[in-house]
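Below are the chains, spelled out letter by letter.
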Amino acid sequence: QVIRDVLDELRRLLDAGHAGAVIDLAEHFLRKFEEQMQSMGDSDGFAGGILEELQEMHHSACMKAQPDPEQLAERLFQWSLGSDWGVFSGVVDQYTDVFGERGLERYRALAQAEWAGVPPLRPGLRAQGYSGKRSRITSIMERLAERTGDVEQLVAVKSRDLSSEYEYLDIVEAYRKAGKNTLAIEWAEKGMQAFPQGADSGLREFLADAYHRLKRHSDAMNIIWVEFSDHPRLHEFKLLRSHAFRAGGAGAWKRWRGKALTTLREHLEMTAREAPKHAWTSYRPDFSDLVSIHLWERKHTLAWKTAQEGGCNDSLWLELAKKREVGHPGDALAVYRRLVEPSLARKNNQAYEEAIELIVKIRGILRRLGRTEEWETYLRELYADHRRLRNFVTMLDGLDEQTPGSGRTSRGAR
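Residues numbered from 1 in each chain as written. Predicted model: local features only at pLDDT ≥ 70, side-chain atom pairs only at ≥ 80, totals over all residues. Heavy atoms only, no water.

Undergrad: Sorry, what's going on with the overall build of the protein here?
TA: When helices and strands are counted, the protein shows 22 helices and zero strands. In summary, the protein has a C-alpha radius of gyration of 32 Å against a globular reference of 22 Å for 414 residues, an excess of more than 25%. Scored against the burial criterion, the 414 residues of the protein give a buried share of 41%. Total accessible area on the protein is roughly 22200 Å²; 49% of this is exposed by carbon and sulfur atoms. Taken as two groups, the 61 positive and 63 negative side-chain charges of the protein have centres that lie 7 Å from each other. (Helix = DSSP H or I, 4+ residues; strand = E, 2+ residues; numbered from the N terminus. Rg over C-alpha atoms; globule rule 2.2 N^0.38 Å. Buried < 20%, exposed > 50% of the residue type's maximum accessible area, 1.4 Å probe, protein only. Areas by Shrake-Rupley, 256 points an atom, 1.4 Å probe, with all protein chains shown as cover. Lys, Arg positive; Asp, Glu negative; His and termini not counted. Charge placed at Lys NZ, Arg CZ, Asp CG, Glu CD.)

Written out as structure tokens, the structure reads:
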């Protein structure tokens, strides 16, 4: 409330014609607030909102007071360069109406002088050369370059840091937006050459798409194959399919699909063999990626067999069980019963609700199979094994009441 009162008082001063005083006071409170944020942080975003309001008020006061543009440019440049909280980071865009040509030129001269001391970063050198100050001056220079509308000036700034593939992708995007596709392709190729291992997927996808448009389908597929080989998952499988159809239709996809599934299976089997068997880790590799692909292709029987062979995560087991309910209710029943216990082990209401949903499915299958006694036995076991989970038991009571003839039996077991 105190902060809100300060803001309200600043607005009253501004409305009363004391714009110069508001500039000084806003800057004073911004400094104090930044100091406080060093210790308290801003997890809920409240402090960031206050900083934004103070900066907006400062700008409004500058519009009215019209301070010396060069002095203001110097002050705000130094502030933005040293602020860990982004204070006055948008000066180039927001204060041009206050700076005018004189102020903007002074701001640009200060930025260029600072920029001259920023060393270039070659591929892989981010750890040695990154800093908050570097990031801030880079952002300032990019904004200044964008104002000129000259993409080459923007690229000159961005190419000062080529430490990772993401910087190459930024340059590619800059050229693409400017309609300079040949240069965009050249920079994408440079990025691929600079990072032959583990290149960014966005860089690969851009280049593959560009190659398709140039009828270089074989080159496009080679790039997308590397992407799948690095990340053999459902998303990359879909991507491979899309590009294969562009390259040669269904026939091409048939060949690439077979290669992809063989490669993925070999990868999963090797991972399973090499996985540590330490008792202290619960991680165990499985065939989830292969199962998810078979499900996406609607090869439900194959997905089930694959899951039985190599296992998969619980969400996939649940999806498989839903597919098996009608034709193979026994398979679905086994999955649902197995998944109840892990849900209850999490011991929270959401987990209990998930367990109840599974139990309802179990009840439905057992009824359809005419195995009523088995359901009643299972219900008694649930009460006996989990009687300490009061919220779960309450939910189970509601379920029990919906089960004709079972209430007395199951409750009597508690």
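Undergrad: Explain the pattern of salt bridges to me, please; I cannot follow it from the model alone.
TA: Pairing of side chains with opposite charge becomes possible as their charged atoms draw close. In total, this model carries 33 salt bridges according to the counting rule given. The shortest N-O distance in the salt bridge between Glu-70 and Arg-102 comes to 3.1 Å. One end of the pair, Glu-70, is in helix H4 (residues 69-82); the other, Arg-102, is in helix H6 (residues 96-115), with 32 residues separating them in the sequence. The exposure class assigned to Glu-70 is partly exposed, which follows from its relative accessible area of 32%. With a shortest N-O distance of 3.5 Å, Glu-114 and Lys-133 are connected by a salt bridge. Placement of Glu-114 in helix H6 and of Lys-133 in helix H8 (residues 132-148) is noted, with a sequence separation of 19 residues between them. (Salt bridge = Lys/Arg side-chain N within 4 Å of Asp/Glu carboxyl O.)

Undergrad: What should I look at first to understand the side chain of Glu-27 in this one?
TA: Here Glu-27 lies in helix H2 (residues 19-40). For Glu-27, a relative accessible area of 4% puts it in the buried group. Here the side chain of Glu-27 touches His-58 through a polar contact of 2.7 Å, side chain to side chain. Aside from chain neighbours lying at most four places away, what touches Glu-27 is His-58, Arg-75 and Trp-79. (Polar contact = N/O pair within 3.5 Å; in protein donor to acceptor, adjacent residues only side chain to side chain. Contact = heavy atoms within 4.5 Å.)

Undergrad: What's the story with the environment of Glu-114 in this structure? I'm lost.
TA: On the accessibility criterion, Glu-114 (27% relative accessible area) is partly exposed. Along the chain, Glu-114 and Lys-133 lie 19 residues apart, while their C-alpha atoms are 10 Å from each other.

Undergrad: Would you mind going over the packing of aromatic side chains with me for this structure?
TA: Describing an aromatic ring pair means giving the distance of the ring centres and the angle of the ring planes. All told, the structure shown has 15 aromatic pairs when counted by the stated rule. Ring centres of Trp-79 and Phe-88 lie 5.1 Å apart, and the angle between their planes is 80°; this geometry places the pair in the edge-to-face category. Judged by relative accessible area, Trp-79 falls into the buried class, the value being 10%. Of the residues examined, Phe-88 reaches a relative accessible area of 1% and is grouped as buried. Ring geometry for Tyr-168 versus Trp-187: centroids 5.9 Å apart, planes at 45°, classification tilted. Taken together, the positions of Tyr-168 in helix H10 (residues 165-177) and Trp-187 in helix H11 (residues 181-194) put the pair 19 residues apart, joining distant regions of the chain. Here the two residues Tyr-168 and Trp-187 agree in accessibility, since each one is buried. (Phe/Tyr/Trp six-rings, centres within 6.5 Å; stacked < 30°, edge-to-face > 60°.)

Undergrad: Whenever I open this one, helix H18 (residues 329-345) confuses me. Can you help?
TA: Because each turn of an α-helix spans 3.6 residues, side chains separated by three or four positions in sequence point in the same direction. The terminal C-alpha atoms of H18 lie 25 Å apart, and with 17 residues this matches the ideal 24 Å at 1.5 Å per residue to within 8%. Taken together, the buried positions of H18 are Pro-329, Ala-332, Leu-333, Val-335, Tyr-336, Leu-339, Val-340, Ser-343 and Leu-344. Buried residues of H18, seen end-on, are gathered within an arc of 165° and therefore sit on one face of the element. Once H18 finishes, Lys-347 follows within two positions and takes phi at roughly 55°, a positive value. (Expected span 1.5 Å × (residues − 1). Arc of directions from axis to C-beta.)

Undergrad: Help me out: how do you make sense of helix H12 (residues 201-213) in this one?
TA: Relative to the 18 Å expected for 13 residues at 1.5 Å per residue, H12 spans 18 Å between its end C-alpha atoms, a close match to the ideal helical length. Residues of H12 that are buried include every one of Leu-203, Arg-204, Phe-206, Leu-207, Ala-208, Ala-210, Tyr-211 and His-212, and no others. The elements touched by buried residues of H12 are H10, H11, helix H13 (217-230) and helix H14 (234-274). Two to three positions downstream of the cap, the backbone nitrogen of Gly-202 sits 2.9 Å from a side-chain oxygen, assigning the N-cap of H12 to Asp-200. Just downstream of H12, Lys-215 is the residue with a positive phi angle, here 65°.

Undergrad: I would appreciate a short explanation of the confidence of the model for the protein in the present structure.
TA: Low-pLDDT stretches of the model should not have their predicted coordinates read in fine detail. This prediction gives the protein a mean pLDDT of 91; 92% of its residues lie at or above 70. Low pLDDT, under 50, characterises residues 404-414; the predicted model gives this stretch 19 contacts beyond four residues in sequence or across chains. (pLDDT = per-residue confidence, 0-100.)

Undergrad: Looking at this model, I keep getting lost on the packing of helix H15 (residues 288-296) against helix H17 (residues 314-324). Mind explaining?
TA: When two helices pack together, their arrangement is captured by the angle between the axes and the distance separating the axes. Orientation of H15 relative to H17, taken along the N-to-C sense of each, is 35°, at an axis distance of 11 Å. Like other packed secondary-structure pairs, H15 and H17 cross with a definite hand, here left-handed. Mapping the contact onto sequence places Ser-288, Val-291, Ser-292 and Leu-295 in H15 and Leu-316, Glu-319, Leu-320 and Lys-323 in H17. Tallied by class, the residues present in the contact of H15 with H17 amount to four nonpolar, two polar and two charged. (Axes fitted to C-alpha atoms, helices over the stretch in contact; angles between N-to-C directions. Left-handed = near helix turned anticlockwise from the far one by under 90°. Nonpolar A, V, L, I, M, F, W, Y, C, P; charged D, E, K, R; others polar.)

Undergrad: What is the right way to look at the environment of Lys-215 in this model?
TA: Position of Lys-215 relative to the elements: it lies in the loop between H12 and H13. Distance from Lys-215 to Ala-247, taken between C-alpha atoms, is 8.4 Å for residues 32 residues apart in sequence.

Undergrad: Where do I start with the side chain of Ser-80 in this structure?
TA: Position of Ser-80 among the secondary structure elements: in helix H4. Those residues within four positions of Ser-80 in sequence are excluded, and the remaining contacts are Val-87, Phe-88, Ser-89, Tyr-107, Arg-136 and Ile-140.

Undergrad: Even after reading the chapter, I still don't get the packing of H14 against H15, so can you show me in this structure?
TA: For the pair H14 and H15, the least separation of the axes is 9 Å and the interaxial angle reads 145°. When you trace H14 past H15, the crossing you get is left-handed. Along its contact with H14, which presents Leu-234, Phe-237, Lys-238, Arg-241, Leu-261, Leu-264, Arg-265 and Leu-268, the element H15 presents Asp-289, Leu-290, Ser-292, Ile-293, His-294 and Trp-296. For the contact of H14 with H15, the residue count by class is eight nonpolar, two polar and four charged.

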